[in-house]
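# Coordinate inspection notes
Now for the letters of each chain:
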Amino acid sequence: MRLVRTATLALAAGLCCSVAASQIEIDPKAGETVIHRNIYGQFAEHLGRGIYEGIWVGPDSAIPNTKGWRNDVLSALKALKVPLVRWPGGCFADEYHWRDGIGPRASRPVKLNTNWGGVEENNAVGTHEFFELAELLGAQTYVNGNLGTGSGREMAEWLEYMTAEGNSTLAQLRRQNGRDKPFKVDYFAVGNEAWGCGGNMTPEYYSNLYKQVTTFLKTPANNTPKWIASGGHSEDTRWAQVLTTEVKQKMDAVSFHYYTLPRGNWEVKGPALQFPEQDWISTMVQTLKMDGFIRNNKAVMDKTDPEKKVGFYVDEWGTWYDTEPGQNPGFLYQQNSLRDAVVAALNFNIFHQHADRVQMTNIAQMVNVLQAMILTDKDKMLLTPTYHAFQMYVPFQDARLLALKLQDVPQYQLKEMSVAAISASAAQGKDGKLYLALVNVDPHKAQAVTVTLKGQKVSKAQGQLLTGAAMDSHNTFAKPDSIQPVPFSASASQGKLQLQLPAKSVLVVQVQ
Ligand code: AHR
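This section reports on the structure supplied with the text. Computed from a prediction, not measured in an experiment: that's the story for all the values here.

Before going further, it helps to spend a moment on the nonpolar core. Membership of the largest hydrophobic core comes to 142 residues, with the highest contact counts inside it found for Met-162, Phe-188, Tyr-206, Tyr-393, Leu-438 and Leu-499. Here this core takes nine residues from helix H9 (residues 338–353), the largest share from any one element. If we skip the residues at most four places from it in the chain, Phe-188 touches Val-143, Gly-145, Met-155, Trp-158, Leu-159, Met-162, Leu-217, Pro-225, Lys-226, Trp-227 and Ile-228. By size, the runner-up hydrophobic cluster in this structure holds eight residues, among which are Ala-189, Ile-228, Ala-253 and Tyr-313.

Here it is, written out as structure tokens:
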């Protein structure tokens with residue numbers, strides 16, 4: 001019985017049809033580039049059930065919670081070592097007025113969330129609640145300011161409210177609302193998607209506004225955030241070009257957004273589940289474009305900012321599918337499958353490669369929205385395949401990038417589309433150990449990979465493997481553990497490792 005099951009799994013994972021081995025040579029001598037842990041950052045917007053129900057249930061809820069934040073979701077996020085949370089938007093940020101979200105919850109104004117479904121926003125989650133969440137997670141904070149319907153004054157006052165130490169009226173107001181010590185604001189952005197929902201601006205116009213407004217954003221020296229300018233998206237490099245040419249102070253990074261749409265089309269994006277193989281390969285093609293987009297922006301910035309003072313933060317990325325039938329289209333709720341885990345891992349490998357400029361990225365979004373880590377249904381919760389990919393990659397947080405040569409990689413092809421079947425990344429973890437991440441994007445064929453270390457012998461590899469029987473293998477509330485990582489180990493022979501990577505899989509191993 002056991003043999004039959006193993007064989008069935010092997011067939012399902014494509015172990016039947018392995019091809020000639022790809023070669024990986026890793027230089028175990030770590031270079032200077034650190035894979036900043038904030039590359040694994042998360043985005044939580046006031047959108048659909050992303051915050052309300054998804055994480056926040058309020059202190060009086062029957063769902064067990066800490067200060068209103070649900071315990072099951074909190075402990076899953078802690079296990080993920082979430083390094084940073086971006087809040088409150090997104091498009092929402094440019095219509096968010098911070099004064100609506102302070103003071104007794106019962107007296108906070110109820111607004112309409114005009115961006116996301118037109119639903120009522122009761123402002124139960126505001127500044128204090130957000131910082132409590134970050135403190136509970138041990139995460140850094142990224143606050144996105146309102147340039148759209150707000151003003152320089154409103155942002156300046158919000159910063160004073162959050163960071164002032166003395167007895168100014170705003171510092172006193174913060175104390176009255178229950179917080180004596182200033183909050184630690186690690187990152188602050190001036191608007192979001194200034195080219196679109198943030199105000200339909202040109203980069204030149206926004207650059208001027210940015211310079212004007214940031215002149216008045218002041219904080220104590222020991223609590224100064226990194227300042228982020230709203231940048232471009234997709235193939236656009238003009239925002240990085242104009243901003244890094246025009247703005248010479250108070251700009252630590254330019255942001256960038258890129259979403260993977262399986263069909264590359266906002267009108268018909270493609271479903272989250274039960275998609276054809278054509279959607280699988282085009283999702284991979286669309287995802288891998290991230291590499292070129294970052295490269296092109298870096299090429300621009302290497303000219304305008306050769307000292308690399310300004311970072312390039314991909315502060316929104318992830319898959320975006322057609323709305324699920326029966327869901328509010330404004331809530332951007334979607335299921336999450338093995339395909340999403342593969343997309344996440346491909347993006348991680350790309351981000352590692354560009355970690356000299358890309359020191360932060362935020363997946364959109366943390367819970368119940370777009371490519372989420374966690375889905376909830378009232379008191380139930382499930383971990384998605386994307387969650388598992390994030391957890392497998394934890395050793396890469398703050399690791400040192402290792403040079404890696406990848407050769408003889410077969411192509412995975414379907415009709416006119418083709419991509420390299422394997423993606424790889426290696427790093428020396430903070431614990432001094434060597435970690436290797438591999439992705440096999442081919443949904444049919446297993447891949448053999450030979451791993452060698454430059455100047456050293458390998459003895460074994462141990463880690464975790466994520467794969468599934470189908471391209472859309474996923475977890476449901478009825479079966480929350482259908483897809484999860486399994487232990488993986490392999491021994492070397494003559495100093496070389498021969499790894500068998502099942503079809504459509506993600507593998508992270510520690511190599512010794
Ligand atoms: O993540 C959803 C939305 O996508 C964000 O609010 C916006 O910035 C982007 O267009």
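We are not done yet, so read on.
Two side chains with opposite charge may pair up if their charged atoms get near one another. Applying the stated criterion to the full structure yields 24 salt bridges. With a closest N to O distance of 2.8 Å, Glu-157 and Arg-99 form a salt bridge. Note that Glu-157 is positioned in helix H4 (residues 152–163) and Arg-99 in the loop between strand E6 (84–87) and strand E7 (111–113), a separation of 58 residues in sequence. Exposure remark for Arg-99: the relative accessible area of 42% places this residue in the partly exposed category. Close ionic contact of Arg-357 with Asp-305 constitutes a salt bridge, the shortest N to O distance being 2.6 Å. With a gap of 52 residues between them, Arg-357 in the loop between H9 and strand E14 (361–364) and Asp-305 in the loop between helix H8 (277–304) and strand E13 (311–319) connect regions that are remote in the sequence. Each of Arg-86, Asp-315 and Glu-316 takes part in salt bridges that share partners, so that together they form one network.

Right, let's talk about the sheet that holds strand E3 (residues 41–43) for a bit. The eight strands lie next to each other as E3-E6-E9-E10-E11-E12-E13-E14, forming a closed barrel whose pairing is parallel. Pairwise comparison of adjacent strand axes, ignoring direction, gives a mean angle of 25 degrees for this sheet. Across two bridges, E13 lies against E14 in parallel orientation. The residue of E14 that forms the bridge with Val-314 is Thr-361. Contacts from H9 reach strand E12 (253–260), E13 and E14 within the one sheet, and its direction differs from that of E13 by about 170 degrees.

Enumeration over the complete set of coordinates arrives at one disulfide. The residue that forms a disulfide with Cys-91 is Cys-197, at a sulfur-sulfur distance of 2.2 Å. Linking Cys-91 and Cys-197, the disulfide has an S-S dihedral of approximately -90 degrees and is accordingly described as left-handed. One end of the pair, Cys-91, is in the loop between E6 and E7; the other, Cys-197, is in the loop between strand E10 (187–190) and helix H6 (203–214), with 106 residues separating them in the sequence. Owing to a relative accessible area of 12%, Cys-91 belongs among the buried residues under this scheme. What makes Cys-197 partly exposed here is its relative accessible area of 35%.

What follows covers the site of the ligand. Close contacts around the ligand come from 13 residues, with Glu-45, Cys-91, Glu-193, Tyr-259 and Glu-316 the closest. Cys-91 is positioned with one of its backbone polar atoms (N or O) 2.9 Å from an oxygen atom of the ligand. In isolation the ligand has 290 Å² of accessible area, and contact with the protein removes 94% of it.

Tallied over the full model, the rule gives 30 aromatic pairs. Plain terms: the ring middles of Tyr-142 and Tyr-187 are 6.3 Å apart, the flat faces sit at 50 degrees to each other, and that makes the pair tilted. Linking Tyr-142 in strand E9 (residues 140–145) with Tyr-187 in strand E10, this pair joins segments that are 45 residues apart in sequence. Since its relative accessible area comes to 4%, Tyr-187 is described here as buried. A ring pair is formed by Tyr-187 and Tyr-313, whose centres lie 6.0 Å apart and whose planes are at 75 degrees; its orientation type is edge-to-face. Taken together, the positions of Tyr-187 in strand E10 and Tyr-313 in strand E13 put the pair 126 residues apart, joining distant regions of the chain.

Our focus in this paragraph is the side chain of Thr-450. With respect to the helices, strands and loops of the structure, Thr-450 is situated in strand E23 (residues 447–453). Judged by its relative accessible area of 6%, Thr-450 is buried. Reaching out from Thr-450, the side chain makes a polar contact with the side chain of Gln-498 at a distance of 2.9 Å. Those residues within four positions of Thr-450 in sequence are excluded, and the remaining contacts are Ala-21, Ser-22, Gln-23, Ile-24, Lys-496, Leu-497 and Gln-498.

Reading guide: rules and limits
- Residues numbered from 1 in each chain as written.
- Predicted model: local features only at pLDDT ≥ 70, side-chain atom pairs only at ≥ 80, totals over all residues.
- Heavy atoms only, no water.
- Core = buried A, V, L, I, M, F, W, Y, C linked by side-chain atoms within 4.5 Å.
- Buried < 20%, exposed > 50% of the residue type's maximum accessible area, 1.4 Å probe, protein only.
- Helix = DSSP H or I, 4+ residues; strand = E, 2+ residues; numbered from the N terminus.
- Contact = heavy atoms within 4.5 Å.
- Salt bridge = Lys/Arg side-chain N within 4 Å of Asp/Glu carboxyl O.
- Pairing = 2+ DSSP bridges.
- Axes fitted to C-alpha atoms, helices over the stretch in contact; angles between N-to-C directions.
- Disulfide = S-S within 2.5 Å.
- Near = heavy atom within 4 Å.
- Polar contact = N/O pair within 3.5 Å; in protein donor to acceptor, adjacent residues only side chain to side chain.
- Areas by Shrake-Rupley, 256 points an atom, 1.4 Å probe, with all protein chains shown as cover.
- Phe/Tyr/Trp six-rings, centres within 6.5 Å; stacked < 30°, edge-to-face > 60°.

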